[in-house]
Amino acid sequence: MSRAARVPAGTAPPGMASDVSDPGLADGGRPRIAWARRAMPVLAMVADAAAAEQPFAGLAVAACLHVTAETAGLVSLLTDGGGRVYLAASNPLSTQDDIAAALAARPGVTVFARSGVDRDTYYEHIHRALDCAPDLVVDDGCDLVNTLHGQRPELLAGVRGGCESTTTGVARLRRMAADGILAFPMVAADASATRRMFDNFCGTGQSAIDGIIRATNTLLAGKVVVVAGYGPCGRGIADRACGLGARVIVTEVDPVRALDAIMRGFQVLPMAAAAPLGEVFVTATGSRDVISAAHMTSMRDGAILANAGHFDVEVDVRGLAETAVEIRPGVRPHADEYVLADGRRLILLADGRVVNLVAGEGNPADVMDISFAVQALVLAWLAEGAHGLSAGVHGVPAAIDARVARLALASQDAEIDVLTAAQQDYLDSWRQGS
Amino acid sequence: MPAEPAAFKVADLSLAEFGRNEIRLAEHEMPGLMAMREEYAKAQPLRGARITGSLHMTVQTAVLIETLTALGAQVRWASCNIFSTQDHAAAAVAVGPYGTPQDPAGIPVFAWKGETLPEYWWCTQQALTWPGESGPNMLLDDGGDATLLVHKGAEYEEAGAVPSAADDDPEEWQVVLSVLRDSLTADPRRWTAAAAAIRGVTEETTTGVHRLYEMATAGTLRFPAINVNDSVTKSKFDNKYGCRHSLVDGINRATDVLIGGKVAVVCGYGDVGKGCAESLRGQGARVIITEIDPICALQAAMDGFQVSRLEDVVGSADIFVSATGNFHIITAAHMSGMKHQAIVGNIGHFDNEIDMAGLARLPGIRRVTIKPQVDEWVFADGHAVIVLSEGRLLNLGNATGHPSFVMSNSFTNQVIAQIELYTRAADYSLGVHVLPKHLDEKVARLHLDALGVRLTTLTKRQADYIGVPVDGPYKSDHYRY
């Protein structure tokens, strides 16, 4: 579709049609959204405040996110808060079509997302979302912000700011900012403490393993599982794999993270040494070609390859396809078998794309509750304007992180201590010593 | 050896007050034993019992001893290991709850930390010698040394001679033969008479139980035995959770080495090995298991441990712990091939799991004592390994053994077993027995309140559905927990 046929910049036609796989799936999507909402009490509390305060009144929000039942909670919050949401998928395979249909049926929401699109359609959907001339952007992986800067520069001036969900996306934003390109403030929602501890560690840790098990039904007890990357996601994956009785080997490029893995009792090896040992491989690095074709040729027959990182470059899928003498797609849903010259078979999950969202259901609602609550509060804060934020990458204000944590504690009836005035003085003062 | 036994022998009576304080604290942590005292105070089921105990003379054992006496027994006690005695506990037991160091009024106890082998066997004999009697009428054994002395003594008396020691006999065996040789000379019917008077033995540990089953199979067992080790509330708790606690305690107190990040090898994945593996893993070590039993090996693999042969990992691991109940698991050749300052220890009952004699015979080997129960052994090429407690069980040698609460489980089983064998000897045939399951469950029940456990009760219909009484026993004998 040519650019000329697109809606001119600056106008957002009412009733712009959504593009979803099957609007009829909405009836199936609604109960799942309701189910997720039950496990998202923090977001519900923030949504109540948003409905009362209408921070997004009159604003257009272009969002590029995984279209899941949990994301539906954030989208609802934005519309309840007065905004209009234009949602594209942040991964060609991760869209849950019933959720997309249910969201598309809601007033104030327009959805451009289908599971299993090709690359062109994927980017087409992002353009359609941008057609709204957004005031705020919500991104996951930086494809929307990248497209905005590269191909829709006329829209940049209208954007107050936005937030980015994932580590890989934040890394891209920082590089854009370093090159002086980033035109508005973007908040790195992935880098907050709550995000690292809960979404990355607990959420990805659990859901990546879940995705692998749903895709293969393999027993993890007693198996050698190689986890590439010992950041918050890798740590979570390693921990949960251990919990199922696996023997985990970690690979790393960062010496501090490598030492952390060793101190926690994991063997750390170069991938070349781990490749012949592993039975299941999971990448969580944010880098590319972490598992290369050369590594794959030394793997055991039946080794399973999965990626938990945002983009599908961590496992060199193209290299694997070139090395294989035969490809048997779909030996199980989300599992393709690649046969090497000597007959050894490697099983690639989810085409090397983010396994927890493709083969599983993504991070559980309970942790997305916290992540999305942080993002919602960040967006409301950005919507206020001012704050003197420069174009560039900013952290989540600590007060927002703490507020969300308090709401999460309250939702669990967990009580904590309060500093006394004397304690607060002590912590604020440098005079008290020995 | 004097004809009249000594009243007691401990390291230092002035430690009694410290010992008494720790005994008092331990009583609070040993609800099973205290419940036994309360239940049986009136009935005095052990009145008339003369119990010889051969069991690590620790604070926890003191509470066991004073439970036995509270139930009416007389006791004479020795430790079952040269390093495991806690001298303040021994002093408190000798002084008793109502005596003073100047005027001891406790029980005859013969135990101190750091005995020589001849001293150890002297202590054991003292505990077996009852003034005016042929000996004890009950044995309470841990590892079977008291049982051994009685059985071998009687065997050699029947043969009329004690065999000579072979040159390659372990030093300890040479001491035993020497003791029995002297005894045969002094009184050729001493042990035969002693064996005849013993109603039975209650045995605490895997290794001692193994010895009993061997004797029973060979037809040489002279009195019935209760295998306390294989009460579920003993071996699935003491052996596993006790070692989980006390292994790293012993390693910490001995070496203060950081365990996180180290590679540790545990030889053996039985109940003790399982506890040891968890102990080290819990502190961040990467644990490798060695095993000869395919079932245990598969368990270890499924629990996420690498299972290798010792030869393959001996050069790369930092810590080695033997927990097999077998001998010469870690040899001099293994130790020669270890990394500099690798730590080597044993948590099995006997000290032959590590070939200490073989190590000492290596050409050019040199021993440097770092502190009591911690020795550096320097090879001819200058590299060294650190050996704990001379290869004797390191949790007792380098620390204080298992904590009170888990020993309450074990020792409540011991008290129940002593009562059973003493009061119902006729019901126990010559052989090795385990306590019935309802008593095993009773021991567990006695420890629930202290941990805040709220137990669910079966309805009558539920009980009928699975075919058990509402109050238990809840499992068949072949259930493995």
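Reading guide: rules and limits
- Per chain, the residues get numbers from 1 upward, laid out in the order the sequence is written.
- A letter from A marks each chain and a number from 1 marks each ligand, given out in the order of writing.
- Only residues with pLDDT of at least 70 get local features here, since the model is predicted, and only at 80 or more are side-chain atom pairs given and counted; chain-wide, interface and lining totals rely on the full set of residues.
- Excluded from the side-chain calculation are hydrogens and water; included are all heavy atoms of the structure.
- In this description a helix means any DSSP run of H or I spanning at least four residues, a strand means any run of E spanning at least two, and both kinds are numbered starting from the N terminus.
- Only C-alpha atoms enter the radius of gyration, while the globule expectation follows 2.2 Å times N to the 0.38, with N the number of residues.
- We call a residue buried when its accessible area falls under 20% of the maximum for its residue type, exposed when it is over 50%, and partly exposed in between, using a 1.4 Å probe and counting protein chains only.
- Only heavy atoms enter the contact rule, under which two residues are in contact if any of them lie within 4.5 Å.
- Helices are assigned an expected span. That span is 1.5 Å times one less than the residue count.
- Starting at the helix axis, one direction is taken to each C-beta atom, and the arc is that of these directions.
- DSSP bridges decide pairing: two strands pair if at least two such bridges lie between them.
- Put simply, buried area is the surface a 1.4 Å probe can reach on two separate parts but cannot reach once they are joined, added for both.
- Salt-bridge detection follows one rule: a side-chain nitrogen of Lys or Arg within 4 Å of a carboxyl oxygen of Asp or Glu.
- Residues are grouped as follows: Ala, Val, Leu, Ile, Met, Phe, Trp, Tyr, Cys and Pro are nonpolar; Asp, Glu, Lys and Arg are charged; every other residue, Gly included, is polar.
- How sure the predictor is of each residue is captured by pLDDT, a score from 0 to 100.
- The convention used is that axes are lines fitted to C-alpha atoms, helices contributing only their stretch in contact, and that angles between N-to-C directions extend from 0 to 180 degrees.
- An angle counts as roughly parallel when it lies under 35 degrees, as roughly antiparallel when it exceeds 145, as roughly perpendicular when it falls between 65 and 115, and as oblique in every other case.
- Handedness of a crossing is defined here by the sense of rotation of the near helix relative to the far one, left-handed for an anticlockwise turn of less than a right angle and right-handed for a clockwise turn.
- When the centres of two rings from Phe, Tyr and Trp lie within 6.5 Å, Trp using its six-membered ring, the rings pair. Their planes under 30 degrees apart give stacked, over 60 give edge-to-face, and anything left gives tilted.
- By definition, being over a ring means that NZ of Lys or CZ of Arg is both within 6 Å of the ring centre and within 35 degrees of the ring normal.

Things to note about the overall build of chain A
Move 1: Per the secondary structure count, chain A includes 17 helices and 16 strands.
Move 2: In terms of overall size, chain A behaves like a compact globule, its C-alpha atoms giving a radius of gyration of 22 Å where 434 residues would be expected to give roughly 22 Å.
Move 3: Summarising its shape, the C-alpha atoms of chain A cover approximately 75 × 65 × 45 Å along the three principal directions.
Move 4: Across the 434 residues in chain A, those meeting the buried criterion constitute 54%.
Move 5: Here the contacts in chain A between residues at least 6 apart in sequence split such that 72% fall between residues at least 24 apart.

With respect to helix H1 (residues 16–28) of chain B
All names here are of chain B.
Move 1: Over its 13 residues, H1 extends 19 Å from the first C-alpha to the last, a length consistent with the 18 Å expected when each residue adds 1.5 Å.
Move 2: Those residues of H1 that fall on the buried side of the exposure criterion are Ala16, Gly19, Ile23 and Ala26. Buried residues of H1 fall within an arc of 80° about the axis and therefore sit on the same side. With respect to the buried face of H1, the exposed residues turned more than 90 degrees away are Glu17, Leu25 and His28.
Move 3: Taken together, the buried residues of H1 touch helix H3 (59–70), helix H4 (87–95) and helix H18 (404–423).

Observations regarding the pairing of strand E4 (residues 138–141) of chain B
Residue and element names in this part refer to chain B.
Move 1: Here E4 shows no split at all, with Met138 and Leu140 on one side and Leu139 and Asp141 on the other all buried.
Move 2: Of the strand pairs in this sheet, E4 and strand E5 (residues 200–203) are connected by 4 bridges, and their pairing is parallel. Counted as the bridge partner of Met138 is Gly200 from E5.

Focus on the interface of chain B and chain A
Move 1: If you look at the interface, chain B gives 12 residues, while chain A gives 12 residues.
Move 2: Contact between chain B and chain A buries roughly 830 Å² in total, counting both sides, with carbon and sulfur atoms accounting for 58%.
Move 3: Considering only the side of chain B, the residues that lose the most area to chain A are B:Arg286, B:Met302 and B:Gly304, jointly responsible for 48% of the buried surface there.
Move 4: At the boundary of chain B with chain A, the tally comes to 0 salt bridges.
Move 5: Classifying every residue of the side of chain B that touches chain A by side-chain character gives 5 nonpolar, 5 polar and 2 charged.

Observations concerning the confidence of the model for chain A
Move 1: In the predicted model, chain A carries a mean pLDDT of 93, and the fraction of residues at 70 or more is 96%.
Move 2: Below pLDDT 50 for its whole length, residues 1–12 of chain A participates in 20 contacts with residues either more than four positions away or in separate chains.

A short note on the confidence of the model for chain B
Move 1: Confidence in the prediction for chain B averages 96 pLDDT; 99% of positions are at 70 or higher.
Move 2: Scored by ipTM, the complex comes to 0.80, with pTM at 0.86.

Topic: the packing of helix H6 (residues 145–159) of chain B against helix H9 (residues 206–218) of chain B
Residue and element names in this part refer to chain B.
Move 1: Taken N-terminus to C-terminus, the directions of H6 and H9 make an angle of 30°; their axes are 10 Å apart at the nearest point. With respect to H9, the element H6 is oriented roughly parallel. Classified by chirality, the crossing of H9 by H6 is left-handed. Here Asp145, Thr147, Leu148 and His151 of H6 lie close against H9, whose contacting residues are Arg211, Leu212 and Met215.
Move 2: Looking at the contact of H6 with H9 residue by residue, the classes come out as 3 nonpolar, 2 polar and 2 charged.

A closer look at H9(B)
Residues and elements named next belong to chain B.
Move 1: For H9, with 13 residues, the first-to-last C-alpha span of 18 Å sits near the 18 Å given by 1.5 Å per residue.
Move 2: Buried within H9 we find Thr207, Gly208, Val209, Leu212 and Met215.
Move 3: Residues of H9 that are buried make contact with H6, E5, strand E6 (225–227) and strand E15 (432–433).
Move 4: Looking one or two places after H9, you find Gly219, whose phi comes out positive at around 75°.

A word on unusual backbone geometry
Excluding glycine, residues mostly carry a negative phi; peptide bonds, for their part, are mostly trans.
All names here are of chain B.
Move 1: Note the cis peptide between Gly472 and Pro473, where omega equals 0°.
Move 2: Positionally, Pro473 belongs in the segment after helix H20 (460–466).
Move 3: Even without glycine at this site, Ser389 takes up a positive phi of about 50°.
Move 4: Tracing the backbone shows Ser389 in the loop between strand E14 (384–388) and helix H17 (394–397).
Move 5: You can call Ser389 buried: its relative accessible area is 0%.

Observations regarding the pattern of salt bridges
Move 1: According to the stated counting rule, one finds 38 salt bridges over all chains in the structure shown.
Move 2: With its nearest N and O atoms 3.5 Å apart, the salt bridge here joins B:Arg50 to B:Glu133. Remark: B:Glu133 occurs in the loop between helix H5 (117–128) and E4 and B:Arg50 occurs in strand E1 (residues 50–54); sequence separation between them is 83 residues.
Move 3: Of the residues examined, B:Arg50 reaches a relative accessible area of 12% and is grouped as buried.
Move 4: Within the structure, one salt-bridge network assembled from shared partners comprises A:Asp131, A:Arg152 and A:Glu154.

Regarding the sheet that holds strand E7 (residues 263–267) of chain B
All names here are of chain B.
Move 1: Pairing is mixed in the open sheet, where 8 strands are placed in the order E9-E8-E7-E10-E11-E14-E13-E12. Only two strands of the sheet have a single partner each, and these edge strands are strand E9 (306–307) and strand E12 (366–371).
Move 2: Along the sheet face, helix H12 (residues 271–282) touches E7, strand E8 (286–290) and strand E10 (319–322) and points at about 170° away from the line of E7.

So, the packing of aromatic side chains
Residues and elements named next belong to chain B.
Move 1: Following the criterion strictly, the structure yields 7 aromatic pairs over all chains and no others.
Move 2: One cation-aromatic arrangement involves Arg76 over Trp130; the distance from NZ or CZ to the ring centre is 5.9 Å.
Move 3: Over the ring of Tyr479 we find Lys475, and its NZ or CZ is 5.1 Å from the ring centre.

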